[in-house]
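Here is what each chain is made of, one letter per residue.
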Amino acid sequence: MRFSFLSLLRNAFSAHRDWPEQWRSPEPKPAYDVVIVGGGGHGLAAAYFLAAEFGIRNVAVVERGWIGGGNSGRNTTIVRSNYLLEDSEALYDHSLKIWENLSQTLNYNVMFSPRGILMLAHGHHDVQSFTRHLHANRLAGIDSEWLSPEEARAFCPGLNISKDIRYPIGGATLQRRGGVARHDAVVWGFARAASALGVDILQNCEVTGIRRGPDGAVTGLDTTRGAIATRKIGVSAAGHTSVVLEMAGLGRLPLESTPLQALVSEPLKPLISCVVMSNTIHAYISQSDKGDLVIGAGTDQYVSYSQTGGLQITAHTLDAICELFPHLRRVRMMRNWGGIVDNTVDRSPILGPTPVPGLFVNCGWGTGGFKATPGAGHLLAATIARGEAHPIAAPFGLDRFARGRLIDEAAAAAVAH
Amino acid sequence: MILISCPWCGDRDQTEFAYGGDATVQRPAPDDADPTRWFDYVHTRDNPRGSHRELWFHAFGCRQWVEVTRDTATHAVAGAVLAGLRVGEGETP
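Here the structure is a predicted model, which means the values were calculated and not measured.

(A) Representation of the interface of chain B and chain A. Each partner contributes residues to the interface: chain B has 20 residues there, and chain A has 25 residues. Both faces combined, the contact of chain B with chain A buries some 2,000 Å², and carbon together with sulfur accounts for 53% of it. Among the salt bridges present, the one from Arg252 of chain A reaches Asp46 of chain B, with a minimum N-O distance of 3.2 Å. Our enumeration of links across chain B and chain A arrives at 11 residue pairs in polar contact (both at pLDDT 80 or more). At the level of elements, helix H1 (35-42) and strand E4 (51-57) of chain B are the ones that each hand at least two residues to the side of chain B that touches chain A. For the side of chain B that touches chain A, the class distribution of residues is seven nonpolar, eight polar and five charged.

See the structure below:
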């Protein structure tokens, strides 16, 4: 069923009670050509592209809880591609280009809103490194422009550009193509489109083991809903990647899982029209269509799978927000939460084959995975379909750490990204 | 937030400490030329869901490194000893 103006109108007359299920909830089949582990945006996107672009439709997505209940539903929905290094620029811009037409492609409104990403530079050294960043983006064909403090405030009214604050704003870069999208809609849109092409979405289906044959290649997996035979597995399990890959005998990986927190305020009238990020004092903020301010905090340092982080982390972020936007000081926060993110040492993802034949991985997105949802899904699908890394994904292989070929966005992006 | 029982100072708030990473990582000998062992030391971690031995530096306390055993799923701290001693074994260095 396609959404159209007519279908919306027809259902409006029945108070929207008669919409059918948007994706099927089938029983697991005994075997699939490909199984994707992890029913977040990344995993569902991979399944969708396998079916839509690579003609592999006998695909299952297995999800321990409900789809989109992990980091897909816990992030701050920022989409941008203004990374420093060439490999990253290609990767994130590949994703951004898919975002731009995603609602039309999926026939589902993912509410992608390219409202502009304003990245604040504080002080002389920030201005220098941001200028370098900006020119790197320009050479890669990624839009990025420099705004003076006054121009930044004109673009984002209310921004405190006073010289008297602890870290005065020295300017900002602006990526106009960047913005936000509706996180749930992205998950549901991919699920609906994938399901329509024949992908089985298996919720409440936790992977308990990965089976390997005598030659080492994967032969299937054990789940809480029974055994499933398959020759190709794509793992897209974010913070739990280490746990899943250990089942295949890949115990030690260059990954550490930490909590990443975010919070939302009470709904306010339209106040912040773009996304504002500051790496230096660590804050990022945007306003949702509902009106609540969506604020991203940092990661705790320690390994955790608990989806809760320390209060001092969110307090630190709110200090920064209150300095940048003093008029928000009396706004009440409604909810905060944590997600478990898997960090690599260079803060770039791992995407590609693993030493286990038939096992592919998409992980290590750390604190910045949402923006990559369609791109990472597409590249994982391409990699699974071809059996080798897609050219854009090739630099992001699991072997880059041993080879010393890091893609060091950690230094480039500081923490927020 | 986590309450860490420092062997010297008693129960202290996590914010007094700086996290120092996985305590089970062994640095290869300086003349070890095997790149695999150095790769393991620098990059790979168990990253377990469950019990984890880790280092914390009591920066705003006794300024000692302590080895804490903590459950990464619940944040429950099972114990802490002076770094270099295995938790629970109680040997002196």
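(B) Highlighting the sheet that holds E4 of chain B. Residue and element names in this part refer to chain B. Judged by pairing direction, the sheet is antiparallel, and its four strands sit side by side in the order E3-E4-E5-E6 without closing on themselves. One side of each edge strand has no neighbouring strand; the edge strands of this open sheet are strand E3 (18-22) and strand E6 (77-82). In this sheet, adjacent strand axes meet at a mean angle of 30° when their direction is disregarded. Across five bridges, the pairing between strand E5 (residues 65-71) and E6 is antiparallel. Of the residues in E6, the one forming a bridge with Val68 is Ala80.

(C) Here's a closer look at the packing of helix H2 (residues 41-52) of chain A against helix H10 (residues 373-386) of chain A. All names here are of chain A. Running from N to C, H2 and H10 cross one another at 50°; their axes reach a closest spacing of 7 Å. Taken together, the axes of H2 and H10 are oblique relative to one another. Seen from above, H2 lies across H10 with right-handed handedness. In this structure, H2 uses Gly41, His42, Ala45, Ala46, Phe49 and Leu50 to contact H10, whose residues at the interface are Thr373, Pro374, Ala376, Gly377, His378, Leu380, Ala381, Ile384 and Ala385. Residue composition of the contact of H2 with H10, by class: 10 nonpolar, five polar and no charged.

Rules used in this analysis
- Residues numbered from 1 in each chain as written.
- Chains lettered and ligands numbered in written order.
- Predicted model: local features only at pLDDT ≥ 70, side-chain atom pairs only at ≥ 80, totals over all residues.
- Heavy atoms only, no water.
- Contact = heavy atoms within 4.5 Å.
- Buried area = accessible area lost by both parts, 1.4 Å probe.
- Salt bridge = Lys/Arg side-chain N within 4 Å of Asp/Glu carboxyl O.
- Polar contact = N/O pair within 3.5 Å; in protein donor to acceptor, adjacent residues only side chain to side chain.
- Helix = DSSP H or I, 4+ residues; strand = E, 2+ residues; numbered from the N terminus.
- Nonpolar A, V, L, I, M, F, W, Y, C, P; charged D, E, K, R; others polar.
- Pairing = 2+ DSSP bridges.
- Axes fitted to C-alpha atoms, helices over the stretch in contact; angles between N-to-C directions.
- Parallel < 35°, antiparallel > 145°, perpendicular 65-115°, else oblique.
- Left-handed = near helix turned anticlockwise from the far one by under 90°.

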